[in-house]
Amino acid sequence: MPLCCSARWPSWKVWCSTVRACTSAWHRRSLWGSSSLTCSSNQEIQTYAIALINALFLKAPEDRRQEMSSALAQKHLRTIILNHIIRGNRPIKTEMAHQLYVLQVLTFNLLEERMMTKMDPQDQAQRDIIFELRRIAFDAESDPNSSNVEKRKAMYTRDYKMLGFTNHVNPAVDFTQTPPGMLALDNMLYLAKLHQDTYIRVVLENSSREDKHECPFGRSSIELTRMLCEILQVGELPNEGCNEYHPMFFTHERAFEEFFYICIQLLNKTWKEMRATSEDFNKVMQVVREQITRTLSAKPNSLDQFKSKLRCLSYSEILRLRQSERMSQDDFQSPPIVELREKIQPEIMELIKQQRLNRLCEGTSFRKVSRRRQDKFWYCRLSLNHKVLHYGDLDENPQGEVAFESLQEKIPVANIKAVVTGKDCPHMREKSAMKQNKEVLELAFSVLHDPDEALNFIAPNKYEYCIWTDGLNALLGKEMGSELTKNDLDTLLSMEMKLRLLDLENIQIPEAPPPIPKEPSSYDFVYHYG
């Protein structure tokens, strides 16, 4: 809007009157539900009102923005937007979504000052906040033997370690890095005072674990606050054309602190699911970040819904999603993955080939083609050395394998010319056979051998048809092209790729291989005992 670019910062009196005009107008019947105005004109007026507030925010001096925010809170602006726009009966248009996004960004930007404020380790008022965190967690105002300085310091050091601070002696030093600065301490104090049961449970639960498995609450809170600021882009100006607002942040006056309260519980839960140690801290934070961003992308309508969706996104579910996306991403077209796939595929095909030949060695019962009824059977087996096909008639369908001695006929594999299927089979060219149903035609195949003879098959089912045609083609050195082979190859190749890439979790695979190191100056490698 032109107003955003050209407006000067108005006087405080003008600002207050503008806010009053905007908020009071929304309450009037002329804007909400009046039959004289259409839905589109209603939302258009609302959009202009929010755009005006955003423009005033953008043009305001930094030292006046907190006052502006307080004035808007007194006018219940958030509640009005939530009830009449976000939860209204009309769909949110693109321009309205953009203005809500801008308002969300500008609201979170009010946290920037605290985020960039370092803690002064010598400031007693700030140190008192840390003392308060200790008191709430361990219900201890002070040591009875307060005159014993050394004992009191040792007790404080022990408690600060249990609270999970990096600096056990002077935890104020942990808040000197910006971001997140004092904002992390604000979040911790909010949790301790307004969600005291959760705070005490998280602290005591971790302090009772073994040292290497405890989730450090202090360090986690600081890193989590930094992460949330990055996710919400605290301190950055709104992007032109972006409309990615989150309805849940309009449902609470202290949305950022509540967001932290939910996420610190998630972090503690994920830590336990991963059975993490202090060495895994960064890995846990990466998983938590992914859990948060994936859930935010679903645009939950409330903080409770956000919390509920997080419960469904456990560490095991994140691993499953990662593997699924990794296998489908660009159809695995990155050069290292393609090379690995090409290397593995012949091994998998050889495995499938051996399985087919082993099944042929076990043998199968087939129906005989008859003009009357197909109630006679014959049996065929491949010799164990894969050089001869043994076959012979049977009186009835066998329940198990038939011994080679019972099969009087045989065909050397070296004499086989080709394997044909369907209508190309000699026994399917006959007039009587052509009248057979489509199912029989799809199960028919023949082995053509010298001298100009054929061994004709009708498989009992599609599976046996694929097994035998694949096996016979493999004996002849030809490609196994059945649907069963394609499915087996996809399944086994996918499983093998996942297993081989399992250790590469969270590791970026380079497009080019690393350089080969120079050859050593000498190959006289000798190990001396002694």
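To be clear, the structure that these remarks concern was listed above.
Summarised in this report is the structure supplied together with it. Counting from 1, residues in each chain are numbered in the order their sequence is written. With pLDDT at 70 or above as the cut-off, local features in this predicted model cover only qualifying residues; side-chain atom pairs require 80 or more to be listed or tallied, and sums for whole chains, interfaces and linings still use all residues. By convention in this description, side-chain values take in all heavy atoms of the structure and omit both hydrogens and water.

When two helices pack together, their arrangement is given by the angle between their axes and by how far apart the axes lie. Inter-axis angles, ranging from 0 to 180 degrees, are taken between N-to-C directions of lines fitted to C-alpha atoms, where helices are fitted over the stretch in contact. By definition, any uninterrupted DSSP run of H or I lasting at least four residues is a helix, any uninterrupted run of E lasting at least two residues is a strand, and each is numbered from the N terminus. Two elements in contact, helix H17 (residues 335–362) and helix H21 (residues 462–475), have axes whose closest approach is 9 Å; the angle formed by their N-to-C orientations is 105°. Relative to H21, the element H17 is oriented roughly perpendicular. Along its contact with H17, which presents Lys353, Gln355, Arg356, Leu357, Arg359 and Leu360, the element H21 presents Tyr463, Glu464, Cys466, Ile467, Trp468, Asp470, Gly471, Leu472, Ala474 and Leu475. In this classification, Asp, Glu, Lys and Arg are treated as charged, Ala, Val, Leu, Ile, Met, Phe, Trp, Tyr, Cys and Pro as nonpolar, and every other residue, Gly included, as polar. Among the residues making up the contact of H17 with H21, the classes are represented as nine nonpolar, two polar and five charged. Between 65 and 115 degrees an angle is taken as roughly perpendicular, under 35 as roughly parallel, over 145 as roughly antiparallel, and anywhere else as oblique. In this description, contact between two residues means that some pair of their heavy atoms is separated by no more than 4.5 Å.

Position of threonine 469 among the secondary structure elements: in helix H21. Contacts described as polar in this section are N or O atom pairs within 3.5 Å, which, within protein, must combine one atom able to donate a hydrogen with one able to accept it, while residues neighboring in sequence count only if both atoms come from side chains. Looking at threonine 469, its side chain comes within polar contact range of the main-chain oxygen of cysteine 466, at 3.3 Å. Not counting chain neighbours up to four residues away, the residues in contact with threonine 469 comprise Thr421 and Phe445.

What follows is about helix H12 (residues 217–231). Over its 15 residues, H12 runs 20 Å from end to end, which matches the ideal 21 Å to within 8%, given 1.5 Å per residue. Only protein chains enter the area calculation, which uses a 1.4 Å probe; residues under 20% of their type maximum are buried, those over 50% are exposed, and those in between are partly exposed. Where burial is concerned, most of H12 is hidden: 12 out of the 15 residues are buried. When H12 is considered as a whole, its buried residues turn out to be Phe217, Gly218, Ser220, Ser221, Ile222, Leu224, Thr225, Arg226, Met227, Leu228, Cys229 and Ile231. Buried residues belonging to H12 abut helix H7 (112–115), helix H10 (182–194), helix H11 (196–207), helix H13 (255–273) and helix H14 (281–297). Multiplying 1.5 Å by the residue count of a helix minus one yields the expected span of that helix.

So, about the pairing of strand S7 (residues 453–458). In this sheet, S7 lies alongside strand S6 (residues 444–449) in antiparallel orientation, the contact comprising six bridges. Among the inter-strand pairings, leucine 448 is bridged to a residue of S7, identified as alanine 454. At least two DSSP bridges between two strands are needed for those strands to be called paired. Connecting S6 to the antiparallel partner S7 that follows it, the hairpin turn spans three residues, and aspartate 452 within it adopts a positive phi of roughly 40°.

With that settled, the discussion passes to unusual backbone geometry. As a rule of thumb, non-glycine residues mostly have phi less than zero, and peptide bonds are mostly trans rather than cis. Going from threonine 178 to proline 179, the amide bond is cis rather than trans, its omega being -15°. Turning to its location among the elements, proline 179 is positioned in the loop between helix H9 (149–162) and H10. Cis geometry is found at the peptide bond from proline 179 to proline 180, where omega equals 15°. Mapped onto the secondary structure, proline 180 falls in the loop between H9 and H10. In this structure, histidine 76 takes a positive phi of about 60° despite not being glycine. By the secondary structure assignment, histidine 76 is in the loop between helix H4 (62–74) and helix H5 (77–86).

This part takes up the pattern of salt bridges. Each reported salt bridge corresponds to a side-chain nitrogen of Lys or Arg within 4 Å of a carboxyl oxygen of Asp or Glu. This structure, assessed with the given rule, holds 21 salt bridges. In this structure, the salt-bridge partner of glutamate 223 is arginine 226, at a minimum N-O distance of 2.6 Å. Of this pair, glutamate 223 and arginine 226 are both found in helix H12, three residues apart, which corresponds to roughly one turn of the helix. Exposure remark for arginine 226: the relative accessible area of 12% places this residue in the buried category. For arginine 359, the salt bridge goes to glutamate 464, with nearest N and O atoms at 2.4 Å. Remark: glutamate 464 occurs in helix H21 and arginine 359 occurs in helix H17; sequence separation between them is 105 residues. For glutamate 464, a relative accessible area of 10% gives the class buried. Here the salt bridges share partners, and the residues they tie into one network are Arg134, Arg158 and Asp159.

Moving on to the nonpolar core. Take the buried residues of types Ala, Val, Leu, Ile, Met, Phe, Trp, Tyr and Cys, join any two whose side-chain atoms come within 4.5 Å, and each joined set is a nonpolar core. By size, the foremost hydrophobic cluster in this structure holds 66 residues, and its most contacted members are Phe175, Tyr199, Leu224, Phe259, Ile292 and Phe306. Per-element accounting of this core gives the leading share, 11 residues, to H13. In this structure, phenylalanine 175 is in contact with Thr117, Lys118, Met119, Ile130, Phe165, Gly181, Ala184, Leu185, Met188 and Ile222, ignoring residues within four places of it in sequence. One finds Leu389, Val440, Phe445 and Leu475 within the second-largest nonpolar core, a separate group that totals 32 residues.

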